[in-house]
Amino acid sequence: MKEAINSKTIWSAPKWNLIKLKINLSASNLFVYVAGMIVLFIVACALFPQWIAPYSPTHMHTEFILSPPSALHLLGTDYFGRDVLSLVVYGSRDSLIIGVVSVLIGGGIGGGLGALAGYVGGVVDMIFMRFTDILMTIPGILLALAIAAALGPSLMNVVLAVAVSSIPGYTRVMRGQMMSIKKRQFVVASRSIGTPNWRILIWHILPNSWSPLLVMATIGLGTSILVGSGLSFLGLGVIKEIPDWGALLAQGRGYLTTGWWISTFPGLAITLFVLSVNIIGDKLRDMYDPKTK
Amino acid sequence: MTLISKALVRIANSFVSVLGSLILVFCIIYLLPGDPVLSMIDPSVATPEMIENLRRELGLDQPFYVQFVEYFTAILHGDFGQSLINSDPVLPKILMHFSATLILTLTSTIFSIVIGVTLGVLSAIYRNKWIDILARLVGLFGISMPTFWSGILLILIFSVNLNWLPAMGSDDWKTLILPSLALGFVGAGLIIRMVRTSMLEVVNEQFIVTLRAKGLSERVVMYRHALRNALIPAITIIGMNIGEMMAGTVVIETVFSRQGIGRIIADAIMAKDLPVIQGVIFFSAIVYVIINLLVDLSYSVIDPRVRRSH
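Since the structure is predicted, the reported quantities are computational estimates derived from the model, not experimental observations.

Undergrad: If you had to explain the overall build of chain A to someone new, which residues and values would you point to?
TA: Along chain A, the regular secondary structure elements total eleven helices and zero strands. Going from N to C terminus, chain A has its helices and strands arranged as α-α-α-α-α-α-α-α-α-α-α. Classification of the 293 residues of chain A by burial places 46% in the buried group. Across chain A, contacts joining residues at least 24 apart in sequence account for 70% of those joining residues at least 6 apart. Total accessible area computed for chain A in this model is approximately 14500 Å², and 71% of it derives from carbon and sulfur atoms.

This is the structure:
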């Protein structure tokens, strides 16, 4: 009888939490939902721009050159008469590619190196951390700038530049996580019954360490988009027919007095996306990090 | 370990980091596609012999490691090489423009600390009140807005529309205000978030409960005791941020057409001027390492716990 009650109390606790989580529509959660919708919308823009943009981004409405926002052109037109809203919608694709792919590469390499350094320890740890220290002596944007300049202007090179400059951050987080998990009792117990290292890594450590990496990657996505659009802004991206947000903003710089909307809206798009990603990242961190609860 | 020997270890580590960054930067630049010699002289006019001579003159025909050793010895003698475009020596050029960048970095830092600490503390004290929500929004916007956009918005508002402040140039103090605001806003966002989190953590600690139980007024507990302890992690963020801001001048100096080393490297990258790119990045790495070293050392002076550990 006593056992039954115990098992009931043990099982009821998480269920109750789950329900509470679902219906918790407080003000801070409202922000998270709005942020999530903004992210989804921008991702939809990147995937299906032809369904969302009102015009072709390359079509020049010659009778509407530099016209301010109006019912016909919600965000105005640029100096070629191109619709700014359509340009922003189509520009989301390259901007997101830079952000997402560089996080995957940087997080994958950085997280992998950090996991190895933290788990193996010793000389491997020392060498990796030295390398990370060196990468960290060069501020991220300068490192990205040097790499992008060295490789020449192309979308993939901007991605690589941003990815490499983000590696040290992931390495540090993953290493710290590894070092704390490998000392936990379930890992020690597993090792004491003779489980091989690779099995411990895959079955015990990785499932327990992906959450800080996920938080880091979410916030890193914002940073990567900021750095990537900064590189495009400085002219290191690709010169294409449909520019990404950073390049679009840079093109509008020459028209601040005659067409404020050309630079303003691509910047607003960057800010909205990064802001939403950061709000979601904060929420994830609160959920996974017991310290802030 | 005593404080001094710990400091010496840190200094030695920093030296190794700087050396490593030099090798790294050299390797990256060495990968640069395109022949710098061909960008210096017009291949349609020059004979192959002239190109070959120039290449030999610049030492670009040597293998990688020879070029590196030569570059490294030159740097030890304070020679960062010459610009490929106009043959200006690199180091004097950097030093000449460094003061402008340094001033911009300092004003941005001061702005970010004032705004960041004030809002961060208020945010933690008035948790979940409107001022907290406002401060958290400012913090979020600070870290989410690209500086080139906030800079352009400031130009649109204060230069184009209100005509209060100049949009570009680096002549007098008025030209410093808008760039400092744009650059400092990022730092302010980071500091607000850091100070708020660490204040909230400190407030939950037992010594605060003790102080309250002792009957100290809330004001004394918060501003005298909680704030002091909460500011210690904030100092790290502030220190790291000085380096980030200095790097951020690359973008800001371009937006506001200011003189400075950020502008030098942005121009050099467009012109593929290798010695200048290399020089500026290496110079920034040295400054960055020195700042972080100072922050680390000040950390152990300020926080008795750090001093006593090890």
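Undergrad: Lay out the interface of chain B and chain A with the relevant residues and their values.
TA: With 42 residues of chain B at the interface, the matching set in chain A holds 43 residues. With both chains or domains summed, chain B and chain A bury close to 3800 Å², and 78% of this area falls on carbon and sulfur atoms. Inspection of the region where chain B meets chain A yields one salt bridge. In this structure, B:Arg193 and A:Asp282 form a salt bridge, with 2.9 Å as the shortest nitrogen-oxygen distance. At the surface where chain B touches chain A, the tally comes to six residue pairs in polar contact (both at pLDDT 80 or more). Secondary structure elements with two or more residues in the side of chain B that touches chain A: helix H1 (3-30), helix H6 (130-144), helix H7 (147-161), helix H8 (174-203), helix H10 (218-255), helix H11 (261-271) and helix H12 (274-302) of chain B. A total of eight residues in the side of chain B that touches chain A trace back to one element, the largest contributor, which is H1(B).

Undergrad: An account of H10(B) is requested, with residue identities and associated values reported.
TA: For an α-helix, 3.6 residues make a turn, and residues three or four places apart therefore share a direction. With 38 residues, H10(B) ought to run about 56 Å at 1.5 Å a step, yet its terminal C-alpha atoms sit only 45 Å apart, falling short of that. A positive phi of about 45 degrees marks B:Ser257, the residue just after H10(B).

Undergrad: Mind laying out the domain arrangement of chain B, listing which residues take part and the relevant values?
TA: Residue and element names in this part refer to chain B. Segmentation of chain B into domains returns domain 1 (18-76) and domain 2 (91-309). Counting residues at the interface gives eleven residues for domain 1 and ten residues for domain 2. At the boundary of domain 1 with domain 2, total buried surface from both sides reaches about 1000 Å², with 79% on carbon and sulfur atoms. Contact with domain 2 buries surface across domain 1, with Val18, Val25 and Ile29 losing the most and accounting together for 44% of the total. Secondary-structure elements contributing two or more residues to the side of domain 1 that touches domain 2 are H1 and helix H4 (64-76). A total of six residues in the side of domain 1 that touches domain 2 trace back to one element, the largest contributor, which is H1. When its residues are assigned to classes, the side of domain 1 that touches domain 2 shows ten nonpolar, one polar and no charged.

Undergrad: I'd like a description of the environment of B:Asn204, backed by residues and values.
TA: All names here are of chain B. Position of asparagine 204 among the secondary structure elements: in the loop between H8 and helix H9 (206-213). For asparagine 204, a relative accessible area of 66% translates into the label exposed. Separated by 87 residues in sequence, asparagine 204 and isoleucine 291 have C-alpha atoms that sit 32 Å apart.

Undergrad: Please give an account of the packing of H7(B) against H8(B) that cites residues and values.
TA: All names here are of chain B. At a closest axis distance of 9 Å, the pairing of H7 and H8 adopts a crossing angle of 145 degrees. Between H7 and H8 the crossing geometry is right-handed. Along the contact surface, H7 presents Thr147, Ser150, Gly151, Leu154, Ile155, Phe158 and Ser159, while H8 presents Leu178, Leu181, Ala182, Leu183 and Val186. Split by residue class, the contact of H7 with H8 holds eight nonpolar, four polar and no charged.

Undergrad: Can you tell me about a nonpolar patch on the surface, naming the residues and giving the values?
TA: Residue and element names in this part refer to chain B. A contiguous nonpolar patch, built from Leu3, Ile4, Leu8, Ile11 and Val301 and spanning about 470 Å² of accessible area, is present on the exposed surface. Inspection of the secondary structure assignment puts leucine 3 in helix H1. The class for leucine 3 is partly exposed, based on a relative accessible area of 36%.

Undergrad: Pulling in residues and values, what's your account of the UniProt feature "transmembrane region" (unreviewed entry) in chain B?
TA: Residue and element names in this part refer to chain B. Cross-referencing UniProt, the feature "transmembrane region" (unreviewed entry) maps to residues 12-32, 94-125, 137-164, 176-195, 231-256 and 276-302 in the present numbering. Here residues 137-164 is 82% helix and 0% strand, with 27 Å between the C-alpha atoms at its ends. The span residues 176-195 is 100% helical and 0% strand by assignment, and the distance between its end C-alpha atoms comes to 27 Å.

Undergrad: Tell me about the packing of aromatic side chains, and name the residues and values.
TA: Residue and element names in this part refer to chain A. According to the stated counting rule, one finds six aromatic pairs over all chains in the structure shown. Note on phenylalanine 48 and tryptophan 51: the rings are 4.7 Å apart at their centroids and 10 degrees apart in plane angle, and the pair reads as stacked. Residue tryptophan 51 is classed as exposed on the basis of its relative accessible area of 67%. Their ring planes at 50 degrees and their centres at 5.9 Å tell us that tryptophan 260 and phenylalanine 265 sit as a pair that is tilted. Every member of this aromatic cluster is reached through a ring pair, and the members are Trp260, Trp261 and Phe265.

Undergrad: Help me get a handle on the environment of A:Gly230, residues and values and all.
TA: All names here are of chain A. Relative to the helices and strands, glycine 230 resides in helix H9 (residues 197-233). The buried category is assigned to glycine 230, whose relative accessible area is 2%. Separated by 17 residues in the primary sequence, glycine 230 and alanine 247 place their C-alpha atoms 8.6 Å from one another.

Undergrad: Run through the pattern of salt bridges, naming residues and quoting values.
TA: Residues and elements named next belong to chain A. This model, assessed by the stated rule, comprises ten salt bridges over all chains. Where aspartate 125 meets arginine 175, a salt bridge forms, and the shortest distance between an N and an O atom there is 2.6 Å. Within this pair, whereas aspartate 125 is found in helix H5 (residues 122-137), its partner arginine 175 is found in helix H7 (residues 155-181), the two being separated by 50 residues in sequence. Looking at arginine 175, the relative accessible area reads 22%, which means it is partly exposed. With its nearest N and O atoms 3.2 Å apart, the salt bridge here joins arginine 130 to aspartate 133. Placement of both arginine 130 and aspartate 133 in helix H5 is noted, with a separation of three residues, approximately one turn of the helix. Under the relative-accessibility criterion, arginine 130 is labelled partly exposed at 23%. By relative accessible area, which is 22% here, aspartate 133 ends up partly exposed. One connected set of salt bridges, linked through shared partners, spans Arg130, Asp133 and Arg172.

Conventions used here
Residues numbered from 1 in each chain as written. Chains lettered and ligands numbered in written order. Predicted model: local features only at pLDDT ≥ 70, side-chain atom pairs only at ≥ 80, totals over all residues. Heavy atoms only, no water. Helix = DSSP H or I, 4+ residues; strand = E, 2+ residues; numbered from the N terminus. Buried < 20%, exposed > 50% of the residue type's maximum accessible area, 1.4 Å probe, protein only. Contact = heavy atoms within 4.5 Å. Areas by Shrake-Rupley, 256 points an atom, 1.4 Å probe, with all protein chains shown as cover. Buried area = accessible area lost by both parts, 1.4 Å probe. Salt bridge = Lys/Arg side-chain N within 4 Å of Asp/Glu carboxyl O. Polar contact = N/O pair within 3.5 Å; in protein donor to acceptor, adjacent residues only side chain to side chain. Expected span 1.5 Å × (residues − 1). Domains from an automatic or database assignment. Nonpolar A, V, L, I, M, F, W, Y, C, P; charged D, E, K, R; others polar. Axes fitted to C-alpha atoms, helices over the stretch in contact; angles between N-to-C directions. Left-handed = near helix turned anticlockwise from the far one by under 90°. Patch = residues over 30% accessible without salt bridge, like charges linked within 9 Å, V, L, I, M, F, W, Y side chains within 5 Å. UniProt positions renumbered as here; feature names shortened; annotations may be inferred. Phe/Tyr/Trp six-rings, centres within 6.5 Å; stacked < 30°, edge-to-face > 60°.

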